[in-house]
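Spelled out from the first residue to the last, the chains are:
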Amino acid sequence: MGCCGSAERPKREWKPLEDRSCTDLPWFLLFTLFLVGMCGICGFTIATGGAARLVFGYDSYGNTCGQRNEPIEGVRLSGLDHTDRKFVFFLDPCNIDIIQRKIKSMALCVSQCPTEELATYYDLKRFAMINGSELCSYELPGHKYPQLPERFEKCPKLPVPESKALPVFNRCTPVDISCYAKFAEAVVTFVSDNSMLNRLIAGVAASKEIIVGLCLLALVLSMILMVIIRYISAVLVWILTALVVLGSLGKSAFSALFSPPKLRMASGILLLLMLFMRKRVALTIALFHVAGKVFIHLPLLALQPFCTFLALSLFWVYWIMVLLFLGTTGNPEKNEDTGLVEFRLTGALQYMTWYHAVGLIWISEFILACQQMTVAGAVVTYYFTRDKTKLPVTPILSSVLRLVRYHLGTVAKGSFIITLVKIPRLILMYIHNQLKGKVGRQLTCICCLWCLEKCLNYLNQNAYAATAINSTSFCNSARDAFMILVENALRVATINTIGDFVLFLGKILIMTCTAFAGVLALNYQRDYTEWVLPLIIVCLFAFLVAHCFLSIFEIVVDVLFLCFAIDTKYNNGTPGREFYMDKALMFIVIKKKLRKNDGNKSCH
C-alpha cells in the first residue's frame, strides 16, 4: 500500500486502452474492510436496541415504548411492560434546550396522545378514565389526579395541548406549534416579531409551484449551456483576454504616474504575461469546442450529476439514520440533575462515533471520485478512438464497468488522501469557531489546508484520467500526470485561469436568467406578500445546479487537455504515430509547426 517505490522507473510507454489490470488492490481490500466496519456499527446499534429506541421512543426511566422491557439496575420504574403503550408523551413538550437542541421534559409511554386540549387536572382524570391513557407518572393512579400533591411535579404542565403522533417515530407532537416560537426566534435571529416570519413562510408556501418551475428552468438552462458553450466560448475567452489586457494597460498608466516602482513593475509583468499567453488562449477555445462535441457524442454525461447526487443522498440518509441510532445506543445512565435516564456510549464504544464521522468524509469523497473516474474513462475512450463512429454503444456504462472491475482501489486511495487533508481542516475550523476567531494561526492553517486540498483534488482528477488511459496504479498515474502537467505549465495556467472564469460566468448567467424569470413570475402574482425569500431560494438552487453541471464540463476539459498533451508528446502525425486528436486541436498543432518552420527558415 506504499505510494511510490524508490527504484528508478523506466520511461513510461503510454498505450491507451490496450491493457487492463486491477490497480491498488490492497486499498480496495482496506476500503472494503472499512465498509464492513460501517455496517458493523449499524448492526451494533440495531442489536443493542438503539434503533428500536429511536423509532419507537423510550421514556425517562429507560423503557422502550410498545414492548416488554428488562429492569435497569438502580433505576426505579424501569422494566415495565409497555406493550399497549406505543406513544411517547412529554410532560412539557415546549421545554426545549436551544443550546443542546433537545427536549428537557420528562417523557412517558402512553396508549393515546391527547386528542383535545386538557385545561385542568379533572380533564386529565377524565381522559385517563375514558381512554385508559394516563398522562401522569406511572406510580400515580389516574382517578386521584386532582387530589395528589405530586401532581405539580409528575403530571403534564397545564394546559396540555392537543397532540398527534408523528407518522413513524410515535412521538406526541402538539398540533399548535406556537410553543416553539422561542426556538424559532433563536434560529431566525433577524426576526423581531412573528409577523415577519409568518409572511416569509407564507410567501414560500404560496409560491411553491413557481419555485419548482424555476428550479426546473435552471436545470434546463444548465444542460443547454453545456452544449452551446462550444460556440460562445471563443467570444467569452477573447472578451476576457481583452478586458485583462486593457485593465493592465490602464493600471500600468496609472502606476506610472502615481504608484511606487514595485507596483509599476508588477503591472508591467502582468501585461507581458498576458501578451505572452495569448497564443495559448486558442488552445483553451479549442478544448471548449471539443468538450461540446463530447457532450453531443456522449449525451448521458449530463446525467452524471443526477447519479452522483442520488448516490450521495442515499448515503447521507443512511449515515444520519445510523448517527441517530448511535444517539440512543449505549449504557443507561441516570442524570443526577434531572433524574432522567439517558443512553450514552462509554469506554471504547464512544470511538464508534468518530469512526462513523470519518466514514462520512471518506465515502462521500469516494462517490465523488467515482464520478471523476467515470467521466474520465468515457472521455478517454472518446479521445483515443480515431473513428468516432466506432465508439462503444454505451461508453459511459463501459467506463463504469471498467471502474468497478479494475480501479475501485485507485479511487479508494485517492479519496483517502483527500480525507486525510479534509479532517484536520474541519477540526481546525471547529476550534477556530469555538475560540470565536481570537487566534489567527488556525485561520492560516485552514487556508493552507484548503489550498492543499484543491491542489490534491486537481492532481487526483488527472491521476484518474491517467489510470483510465494506461491502467496504472494511483501513485504511478499521479506521477505521470504530474510530469505531463509540469511540462505544460503555461498551458495549464491559461486553461485553468481563463477556463474557470468562463465557467464561472456561465454559472452567473444561469443564475441571472433564472432570477430574472423569477422576478417576472413572482411579481406578476400580486397576492404574494413576500417573494424575496423564494427568489433567494431559487437563485441558490440555480447556482448549485449550474455548478454541478459545469463541474462535469470542467472535468471533461481537463481530461481532454491531458489526452492532448500525451498525444502531442508521443505522436507526431507520421505513419505509425498518427494523432488521435480532433480537427480543432489538430489545427493548433499544425499552426504551431508552421510557425516553428518559418522561424527556422528565417534563422537560415
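Keep in mind the model is a prediction, meaning the values are calculated, not measured.

Quick notes on the rules
Residues numbered from 1 in each chain as written. Predicted model: local features only at pLDDT ≥ 70, side-chain atom pairs only at ≥ 80, totals over all residues. Heavy atoms only, no water. Phe/Tyr/Trp six-rings, centres within 6.5 Å; stacked < 30°, edge-to-face > 60°. Buried < 20%, exposed > 50% of the residue type's maximum accessible area, 1.4 Å probe, protein only. Helix = DSSP H or I, 4+ residues; strand = E, 2+ residues; numbered from the N terminus. Salt bridge = Lys/Arg side-chain N within 4 Å of Asp/Glu carboxyl O. Axes fitted to C-alpha atoms, helices over the stretch in contact; angles between N-to-C directions. Parallel < 35°, antiparallel > 145°, perpendicular 65-115°, else oblique. Nonpolar A, V, L, I, M, F, W, Y, C, P; charged D, E, K, R; others polar. Core = buried A, V, L, I, M, F, W, Y, C linked by side-chain atoms within 4.5 Å. Contact = heavy atoms within 4.5 Å. Left-handed = near helix turned anticlockwise from the far one by under 90°. Patch = residues over 30% accessible without salt bridge, like charges linked within 9 Å, V, L, I, M, F, W, Y side chains within 5 Å. Areas by Shrake-Rupley, 256 points an atom, 1.4 Å probe, with all protein chains shown as cover. Expected span 1.5 Å × (residues − 1). UniProt positions renumbered as here; feature names shortened; annotations may be inferred. pLDDT = per-residue confidence, 0-100. Disulfide = S-S within 2.5 Å.

**Focus on the packing of aromatic side chains**
Going through the model one piece at a time under the given rule, you end up with 15 aromatic pairs. Each ring, one from tyrosine 383 and one from phenylalanine 384, has its centre 5.0 Å from the other, and the planes form 70°; the classification is edge-to-face. In this pair, the class of tyrosine 383 matches that of phenylalanine 384, namely buried. Ring centres of tyrosine 464 and phenylalanine 474 lie 6.3 Å apart, and the angle between their planes is 55°; this geometry places the pair in the tilted category. In this pair, tyrosine 464 is assigned in helix 13 (residues 441-470) and phenylalanine 474 in helix 14 (residues 474-487), connecting sequence segments ten residues apart.

**A look at the pattern of salt bridges**
By the definition in use, this model includes eleven salt bridges. Linking aspartate 81 and arginine 68 is a salt bridge whose minimum nitrogen-to-oxygen distance equals 3.4 Å. Taken together, the positions of aspartate 81 in the loop between helix 2 (50-56) and strand 1 (87-90) and arginine 68 in the loop between helix 2 and strand 1 put the pair 13 residues apart, joining distant regions of the chain. Take arginine 68: its relative accessible area is 65%, and that puts it in the exposed class. In this structure, glutamate 116 engages arginine 126 in a salt bridge whose closest nitrogen and oxygen atoms are separated by 3.4 Å. Taken together, the residues glutamate 116 in the loop between strand 4 (107-110) and helix 3 (121-131) and arginine 126 in helix 3 connect sequence positions ten residues apart.

**Looking at the packing of helix 10 (residues 304-327) against helix 11 (residues 351-383)**
Helix 11 packs onto helix 10 with a crossing angle of 170° between their chain directions and a minimal axis gap of 10 Å. What the angle tells us is that helix 10 and helix 11 run roughly antiparallel. Of the residues that constitute the contact of helix 10 with helix 11, the class distribution is 16 nonpolar, eight polar and no charged.

**Some thoughts on the nonpolar core**
Core analysis: the biggest nonpolar cluster contains 86 residues, and Leu301, Tyr383, Phe553, Val556, Leu560 and Leu585 have the highest contact counts within it. Here the element with the most residues in this core is helix 16 (residues 532-570); it accounts for 17 residues. Those residues within four positions of tyrosine 383 in sequence are excluded, and the remaining contacts are Lys388, Leu560, Cys563, Phe564, Asp567, Tyr580, Met581 and Leu585. Judged by nonpolar contacts, the second largest core, of 28 residues, contains Tyr61, Cys109, Tyr121 and Phe127.

**Let's talk about the packing of helix 1 (residues 25-47) against helix 11**
Where helix 1 meets helix 11, the closest approach of the two axes is 10 Å, and the angle between their N-to-C directions is 130°. With respect to their mutual orientation, helix 1 and helix 11 come out oblique. Considering only the axes of helix 1 and helix 11, their crossing is left-handed. Residues Leu30, Phe31, Leu33, Phe34, Leu35, Gly37, Met38, Ile41 and Phe44 of helix 1 form the contact with helix 11, whose participating residues are Met352, Tyr355, His356, Val358, Gly359, Trp362, Ile363 and Phe366. Here the residues of the contact of helix 1 with helix 11 are counted per class, giving 14 nonpolar, three polar and no charged.

**Observations concerning the environment of alanine 286**
Position of alanine 286 among the secondary structure elements: in helix 9 (residues 278-297). The class of alanine 286 is buried, set by a relative accessible area of 7%. Residues alanine 286 and methionine 586, 300 residues apart in the sequence, show an inter-C-alpha distance of 9.5 Å. Among residues more than four places away in sequence, those in contact with alanine 286 are Ala584, Leu585 and Ile588.

**Focus on a nonpolar patch on the surface**
On the surface, Val220, Ile224, Val227, Ile228 and Ile296 cluster together into a nonpolar patch covering about 370 Å² of accessible area. A per-element tally of the nonpolar patch places helix 7 (residues 208-258) first, with four residues. Mapping isoleucine 228 onto the fold places it in helix 7. Isoleucine 228 gets classed as partly exposed once you look at its relative accessible area, which sits at 36%.

**Thoughts on helix 10**
Taking 1.5 Å as the rise per residue, helix 10 with 24 residues should run 34 Å; its terminal C-alpha atoms sit 34 Å apart, in good agreement. Those residues of helix 10 lying buried are Gln304, Pro305, Thr308, Leu312, Phe315, Trp319, Val322, Phe325 and Leu326.

**Considering the UniProt feature "transmembrane region" (unreviewed entry) in the chain**
What UniProt calls "transmembrane region" (unreviewed entry) maps, in this numbering, to residues 25-47, 210-229, 235-258, 303-326, 360-384, 501-525 and 531-564. Annotated as 96% helix and 0% strand, the span residues 303-326 places its first and last C-alpha atoms 35 Å apart. As annotated, residues 360-384 comprises 96% helix and 0% strand, and the C-alpha atoms at either end are separated by 36 Å.

**Regarding the confidence of the model for the chain**
Looking at the chain as a whole, its pLDDT mean stands at 79, while 77% of the residues score no less than 70. Low pLDDT (under 50) marks residues 4-10, which in the prediction has five contacts with non-local residues, meaning those over four places away or in another chain. Here residues 182-194 is a poorly scored stretch, pLDDT under 50, and it has ten contacts once near neighbours within four places are set aside; other chains count.

**Focus on the state of the cysteines**
Per the counting criterion, the structure on display carries three disulfides. Between cysteine 113 and cysteine 172 runs a disulfide, and the two sulfur atoms are separated by 1.9 Å. Measuring the twist about the S-S bond at about -80°, one finds the cysteine 113-cysteine 172 disulfide to be left-handed. On the criterion of sequence distance, the pair formed by cysteine 113 in the loop between strand 4 and helix 3 and cysteine 172 in strand 6 (residues 172-174) is long-range, its members being 59 residues apart. A relative accessible area of 7% places cysteine 113 in the buried class. Between the sulfur atoms of cysteine 136 and its disulfide mate cysteine 155 the distance is 2.0 Å. Between cysteine 136 and cysteine 155 the sulfur-sulfur dihedral comes to about 115°; the bridge is accordingly right-handed. Of this pair, cysteine 136 sits in the loop between helix 3 and helix 4 (151-154) while cysteine 155 sits in the loop between helix 4 and strand 5 (163-165); the two residues are 19 residues apart in sequence, bridging distant segments of the chain. Take cysteine 136 and cysteine 155: they sit in the same class, and that class is buried.

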